[in-house]
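The lines below spell out each chain.
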Amino acid sequence: MSQPQFEEGTTLDRFILESRMAHPGATGVYVNLIKGIELAGKMISSRVNKAGLAGMLGAVGNVNVQGEEQQKLDVYANNVFISSLEHRGAACMIVSEESDGVVRVGEQWHSGRYVVTVDPLDGSSNIDVNATIGTIFGIYRRLSEEGTPAQDSDVLRPGYEMVSAGYIIYGAGTMLVLASDGVVNGFTLDPAVGEFFLSHPDIQVPNDKVMYSINDAYAQAWQPGVKSFIEEMQKPERKASARYIGSLVADFHRNLLKGGVFLYPATAKNPEGKLRLLYEAFPLGYIIEAAGGAATNGRKRILDLTPDALHARTPLVIGSKALVAEATELMSQDPALA
Ligand code: AHM
Ligand code: MG
């Protein structure tokens, strides 16, 4: 879908307001929701930038529902994200990597129109080394009636039912990337002004570059299809490069702008892979498709899957369309592990 022309330098606020005005019957609830996410992004960005000075490095000593050690910034980001949304009446429910069950939003949780899924701080093993991390989010319009309690079924739905998705990346600069109405736009935070400005309109993932991203420390555990694909990538005539940060949002962002494919496959030890469907694979799958790319679990389109649990995991192959198709073709011949 095409979007109205926005010149570079348009603020995110103006962009959302004007693009929503094109929707007949828009009431401003979605705009309000995105403004909450934008606020959370600015607050987390500020804290990430001075983490070493603010005593925010290191672990808290807790383990989250995934069995992973929580970092101080994980907990901060989760609290900020929830508190930025809970007083707006726009979201009725949040599903977060850092919260066990669903988070029902404040006293007005009956009234919110949207369900939000979030990985508040993806790549947290990179926090202490000042490498790029990010917040990933997905947005569904609730199925249950507004004014009634939200149900788990409002979020245990195929990814293609999302209405928008995005991420905020905290790197050398902070960017918010938003996919809505079938278009992906990137906004860069000017910290002196305190606003996100449109810097990357209508992002399309390039198809001509061959970049692959996978943790090859697990090569011995890969299935034959994954091995064949990586061997193919390593042939000199493919002129490929390997890049792997270990922060999904950072690996994804680079491949989105430069072209390439990211893989986190299943192994016998982790037959469902490592990454989570609701707040990692679905939002990024939604974004990559809007940018002209593709995402699969090695067999099927990611957005066609339906999670059976809030924190369900999935193998993930995501990036430029041709590379994802090539990997999926080889991987789909592997015996199923799960
Ligand atoms: P997190 O959400 O707790 O940070 O975990 C997910 C991260 C991804 O960002 C990254 O792609 C992956 O874990 C790296 O895992 P590995 O170290 O096994 O390669
Ligand atoms: Mg994550």
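Anything mentioned here points back to the structure above.
Basis of the calculations
- Residues numbered from 1 in each chain as written.
- Chains lettered and ligands numbered in written order.
- Predicted model: local features only at pLDDT ≥ 70, side-chain atom pairs only at ≥ 80, totals over all residues.
- Heavy atoms only, no water.
- Helix = DSSP H or I, 4+ residues; strand = E, 2+ residues; numbered from the N terminus.
- Rg over C-alpha atoms; globule rule 2.2 N^0.38 Å.
- Buried < 20%, exposed > 50% of the residue type's maximum accessible area, 1.4 Å probe, protein only.
- Contact = heavy atoms within 4.5 Å.
- Salt bridge = Lys/Arg side-chain N within 4 Å of Asp/Glu carboxyl O.
- Pairing = 2+ DSSP bridges.
- Axes fitted to C-alpha atoms, helices over the stretch in contact; angles between N-to-C directions.

### Side note on the overall build of the protein chain
For the protein chain, the helix and strand inventory stands at seven helices and 17 strands. Here the protein chain has a C-alpha radius of gyration of 19 Å; the compact-globule value for 338 residues is 20 Å, and the two agree. Overall, the C-alpha framework of the protein chain stretches about 55 × 45 × 45 Å when taken along its three principal axes. For the protein chain, the proportion of its 338 residues judged to be buried stands at 53%. Of the contacts made within the protein chain by residues no fewer than 6 positions apart, 65% connect residues no fewer than 24 positions apart.

### Looking at the pattern of salt bridges
On inspection of all chains with the given rule, the structure shows 13 salt bridges. Among the ionic pairs, Arg-238 bridges to Glu-232, the shortest N-O distance being 2.9 Å. Here Arg-301 ties to Asp-304 by a salt bridge, and the two come within 3.0 Å at their closest N and O atoms. We classify Asp-304 as partly exposed; its relative accessible area is 42%.

### With respect to the sheet that holds strand β11 (residues 211–213)
Pairing in this open sheet of five strands is mixed, and the strands run β12-β11-β13-β17-β15 from one edge to the other. One side of each edge strand has no neighbouring strand; the edge strands of this open sheet are β12 (241–242) and β15 (294–296). Judged from the four bridges that link them, strand β13 (residues 261–264) and strand β17 (residues 316–319) form a sheet pairing that is antiparallel. Across the sheet, the residue bridging to Val-261 is Gly-319, located in β17. Sitting on the sheet, helix α7 (residues 321–331) touches β11, β13, β15 and β17, and the angle it makes with β17 is about 155 degrees.

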